[in-house]
Amino acid sequence: GVTREHYSVGGMTCSHCVASVTEEVSALEGVQSVSVNLNAGGTSRIMVVSSKPVPADQVRAAVTEAGYTVVDA
Ligand code: 9UX
């Protein structure tokens with residue numbers, strides 16, 4: 001099956017931010033694709049498509065590694 005998970009991410013303001021988050025999250029085990037709906041200056045949304053659920057703490061760590069922040073809601 002395919003799992004789709006959404007997260008809110010703060011701090012992203014440009015296409016390079018999008019590329020960084022996409023690269024880090026895509027490297028997680030099981031991730032098939034990452035899409036980002038950029039809201040510069042606000043809260044962006046990312047969708048993680050994977051072959052199995054990806055633990056939220058792993059996604060948070062990857063987003064943090066990229067230099068951004070997962071925010072609630
Ligand atoms: Mo440039 Mo996007 O510092 O943060 S990568 S605005």
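**Q** Could you give an account of the sheet that holds strand 2 (residues 31–37), naming the residues involved and the relevant values?
**A** Spatial strand order, 2-3-1-4: four strands in an open sheet with antiparallel pairing. Of all strands in the sheet, those with a lone pairing partner are strand 2 and strand 4 (69–71), marking the two edges. Averaged over all pairs of adjacent strands, the angle between strand axes in this sheet comes to 40°, irrespective of strand direction. In the sheet, strand 2 pairs with strand 3 (residues 43–50) via six bridges, with the strands oriented antiparallel. Following the sheet pairing, Val36 is matched in strand 3 by Ile46. Against the sheet, helix 1 (residues 15–26) touches strand 2 and strand 3, its axis set at about 155° to strand 2.

**Q** Tell me about the nonpolar core, and please be specific about residues and values.
**A** Of all hydrophobic cores here, the largest spans 18 residues; its most connected members are Val21, Val25, Leu28, Ile46, Val63 and Tyr68. Going through the elements one at a time, strand 1 (3–10), helix 1, strand 2, strand 3 and helix 2 (56–66) are the ones with two or more residues in this core. When residues of this core are assigned to their parent elements, the largest contribution, four residues, is made by helix 2. Setting aside residues no more than four positions away along its own chain, Leu28 makes contact with Val54, Gln58, Val59 and Ala62.

**Q** Run through the packing of helix 1 against helix 2, naming residues and quoting values.
**A** Where helix 1 meets helix 2, the closest approach of the two axes is 8 Å, and the angle between their N-to-C directions is 140°. As judged from the angle between their axes, helix 1 and helix 2 are oblique. When the axes of helix 1 and helix 2 are compared, the crossing they make is right-handed. Contact residues: helix 1 offers Ser20, Val21, Glu24 and Val25, while helix 2 offers Ala62, Val63, Glu65 and Ala66. Among the residues making up the contact of helix 1 with helix 2, the classes are represented as five nonpolar, one polar and two charged.

**Q** Outline the environment of Asn37, listing residues and values.
**A** Here Asn37 is to be found in strand 2. The exposed category is assigned to Asn37, whose relative accessible area is 54%. C-alpha separation for the pair Asn37 and Met47, spaced ten residues apart in sequence, amounts to 8.4 Å. Leave out the neighbours within four places in its chain, and Asn37 touches Ser44 and Arg45.

Conventions used here
- The residue count restarts for each chain, going from 1 along the sequence in the order it is written.
- Where totals are concerned, whole chains, interfaces and linings use all residues; where local detail is concerned, this predicted model gives features only for residues with pLDDT of at least 70, and gives and counts side-chain atom pairs only at 80 or more.
- To obtain the side-chain values, all non-hydrogen atoms of the structure were included, while hydrogens and water were left out.
- A strand pair is defined by DSSP finding two or more bridges across the two strands.
- Runs of E in the DSSP output that reach at least two residues are strands. Runs of H or I that reach at least four are helices, and both are numbered from the N terminus.
- Here, axes are lines fitted to C-alpha atoms. For helices the fit covers the stretch in contact, and angles between N-to-C directions go from 0 to 180 degrees.
- Any two residues whose heavy atoms approach within 4.5 Å at even a single point are treated as in contact.
- For this analysis, a nonpolar core means a set of buried residues of the types Ala, Val, Leu, Ile, Met, Phe, Trp, Tyr and Cys, connected via side-chain atoms within 4.5 Å.
- Burial classes follow relative accessibility: with a 1.4 Å probe on protein chains only, a residue under 20% of its type's maximum area counts as buried, one over 50% as exposed, and anything between as partly exposed.
- Just so you know how the angles are binned, under 35 degrees is roughly parallel, over 145 roughly antiparallel, 65 to 115 roughly perpendicular, and the rest oblique.
- Note on convention: near helix rotated counterclockwise from far helix by under a right angle means a left-handed crossing. Clockwise means right-handed.
- Three residue categories are used. Nonpolar comprises Ala, Val, Leu, Ile, Met, Phe, Trp, Tyr, Cys and Pro, charged comprises Asp, Glu, Lys and Arg, and polar comprises the others, including Gly.

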